[in-house]
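Fold and geometry: a report
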Amino acid sequence: MAINASGKVPRYAEKLTYLESLGAPSPEQQRGRRLAARAWNGAWPPVLAIAIVLAIWQLIHLSGWKKSIFPGPGATLSNLWDQLHTGLLWHAIATTAERAVIGFGLAVLIGAVVGALVSRIRPLRAAVGSLITGLQTMPSIAWFPFAIILFGISTTAILFVIVLGAAPSIANGLIAGVDYTPPLLLKAGEMMGLRRISLWRYLILPASLPAFVAGLKQGWAFAWRSLMAGELLVIIANQPSLGVLLSTDQDQSDMVSATAIIIVILVLGIIVDQLFGLADRGIRRRWGLTGSS
């Protein structure tokens, strides 16, 4: 702002500053614009991906390939919309979600305990370290005959397979995180008086958190696949679930409804994956591995 010889601001300069302030956005408006820009930057890539998938799907349908069993997006989405207005689909989603939460929670508990013990006890690691990796590569569906014989046609059989499918990945994620904790950092923690539980709580777990979250994400993928396979194989009476609905549609050759259920399963998996992505980005931001944006 210009100042005259007398040390005062000329009136024309005050008026010009006032006029400029009228056109300038307020802090609230600037914050709103930044939030809108951030929302748009996060929304348009998945929207574009969905549009591309729908376009390819429609082209395949119009080509006539397997038209009798391969429904188009219009009929499928219309069927999905109708099912969303019924209590059966929401009841099925609730049943599947409850099993997923319980099974994955048990897998996290067991996997974290096993991973913590194996990563810090050398004889135990030599004994069962390779066994954990072997269990991780084991197809989940191979456990269902054993689970059905052991627990019968019940939810417990499904949860048993979920835990066996997810816990090894979670344990290996924690083991990898502990392995990559710098020895100098461990020595510094011990010099500061950290021992055993306090060393784990304040140093080892925070240092291994990125690898542990990666193990959790992979464990969730195994848990979700195990759950879907279990609900297709272990049909429990009077307990509708997404797997039961999908199996029923398959038996009735209702491919439109079956494809709609598959979309629901896919969307639920993507939502949980996004939650893990938020956790991962938060950890990397806290560690200074990403920019402030």
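Residues numbered from 1 in each chain as written. Predicted model: local features only at pLDDT ≥ 70, side-chain atom pairs only at ≥ 80, totals over all residues. Heavy atoms only, no water.

1. Section: the side chain of serine 154
- The residue serine 154 is located in the loop between α6 (144–151) and α7 (155–179) in this model.
- A residue is classified by how much of its surface remains accessible, and serine 154, at 18% relative accessible area, is buried.
- Separated by 3.1 Å, the side chain of serine 154 and the backbone oxygen of phenylalanine 151 make a polar contact.
- Once you skip the residues sitting within four places of it in the chain, serine 154 turns out to touch Val234 and Ile236. (Helix = DSSP H or I, 4+ residues; strand = E, 2+ residues; numbered from the N terminus. Buried < 20%, exposed > 50% of the residue type's maximum accessible area, 1.4 Å probe, protein only. Polar contact = N/O pair within 3.5 Å; in protein donor to acceptor, adjacent residues only side chain to side chain. Contact = heavy atoms within 4.5 Å.)

2. What about the confidence of the model for the protein?
- Scored by pLDDT, the protein has a mean of 82; 86% of the residues are at 70 or more.
- Between the elements of the protein, mean pLDDT differs from a low of 58, seen in helix α1 (residues 11–23), to a high of 92, seen in helix α4 (residues 87–120). (pLDDT = per-residue confidence, 0-100.)

3. Comments concerning the environment of glycine 230
- With respect to the secondary-structure elements, glycine 230 resides in helix α9 (residues 196–233).
- Its relative accessible area of 0% is what places glycine 230 among the buried residues.
- With 87 residues separating them along the chain, glycine 230 and tryptophan 143 place their C-alpha atoms 9.8 Å apart.
- With sequence-adjacent residues up to four places away left out, glycine 230 is seen in contact with Phe144 and Ile158.

4. Things to note about the packing of aromatic side chains
- The final tally for this structure, using the stated rule, is five aromatic pairs.
- Seen in terms of ring centroids, phenylalanine 104 and tryptophan 220 are 5.6 Å apart; in terms of plane orientation they differ by 85°. Their pairing is edge-to-face. Separated by 116 residues along the polypeptide, phenylalanine 104 in helix α4 and tryptophan 220 in helix α9 bring together distant segments of the chain. The pair phenylalanine 104 / tryptophan 220 is uniform in exposure class, with both members buried.
- Aromatic rings pair up to connect Phe104, Trp220, Trp224 and Phe276 into one cluster.
- Over the aromatic face of phenylalanine 222 sits the side chain of arginine 225, whose NZ or CZ is 4.9 Å from the ring centroid. (Phe/Tyr/Trp six-rings, centres within 6.5 Å; stacked < 30°, edge-to-face > 60°. Lys NZ or Arg CZ within 6 Å of the ring centre and 35° of its normal.)

5. As for a positive patch on the surface
- On the surface, a cluster of positive charge is contributed by Arg31, Arg34, Arg38, Arg281 and Arg285.
- Breaking the positive patch down by element, the ones donating at least two residues are α2 (27–62) and α11 (255–286).
- With respect to the element layout, arginine 31 can be found in helix α2.
- Judged by its relative accessible area of 43%, arginine 31 is partly exposed. (Patch = residues over 30% accessible without salt bridge, like charges linked within 9 Å, V, L, I, M, F, W, Y side chains within 5 Å. Areas by Shrake-Rupley, 256 points an atom, 1.4 Å probe, with all protein chains shown as cover. Salt bridge = Lys/Arg side-chain N within 4 Å of Asp/Glu carboxyl O. Lys, Arg positive; Asp, Glu negative; His and termini not counted. Charge placed at Lys NZ, Arg CZ, Asp CG, Glu CD.)

6. A few points about the packing of α4 against α9
- Running from amino to carboxyl end, α4 crosses α9 at an angle of 140°, the nearest separation of the two axes being 8 Å. Classified by the interaxial angle, the pair formed by α4 and α9 is oblique. Seen along the crossing, α4 lies across α9 with a hand that is right-handed. Residue-level contacts link Thr96, Arg99, Ala100, Phe104, Val108, Ala112, Ala116, Ser119 and Arg120 of α4 to Leu199, Trp200, Ile204, Phe212, Leu216, Gly219, Trp220, Ala223, Trp224, Leu227, Met228 and Glu231 of α9.
- Class assignment of the residues belonging to the contact of α4 with α9 gives a composition of 15 nonpolar, three polar and three charged. (Axes fitted to C-alpha atoms, helices over the stretch in contact; angles between N-to-C directions. Parallel < 35°, antiparallel > 145°, perpendicular 65-115°, else oblique. Left-handed = near helix turned anticlockwise from the far one by under 90°. Nonpolar A, V, L, I, M, F, W, Y, C, P; charged D, E, K, R; others polar.)

7. Looking at a nonpolar patch on the surface
- A surface patch of nonpolar side chains, about 630 Å² in accessible area, is lined by Ile102, Leu106, Leu109, Ile110, Val113, Val114, Leu117 and Ile121.
- Along the chain, the position of leucine 106 falls in helix α4.
- What makes leucine 106 partly exposed here is its relative accessible area of 38%.

8. Quick word on the pattern of salt bridges
- Tallied over the entire structure, the rule returns three salt bridges.
- We note a salt bridge from arginine 99 to glutamate 231, for which the minimum N-O separation is 3.1 Å. Taken as a pair, arginine 99 in helix α4 and glutamate 231 in helix α9 lie far apart in primary sequence, 132 residues in all. Take arginine 99 and glutamate 231: they sit in the same class, and that class is buried.
- Of the charged contacts, one joins arginine 125 and aspartate 179 as a salt bridge, the two residues approaching to 2.5 Å between their closest N and O atoms. Of this pair, arginine 125 sits in helix α5 (residues 122–137) while aspartate 179 sits in helix α7, and the two are 54 residues apart along the sequence.

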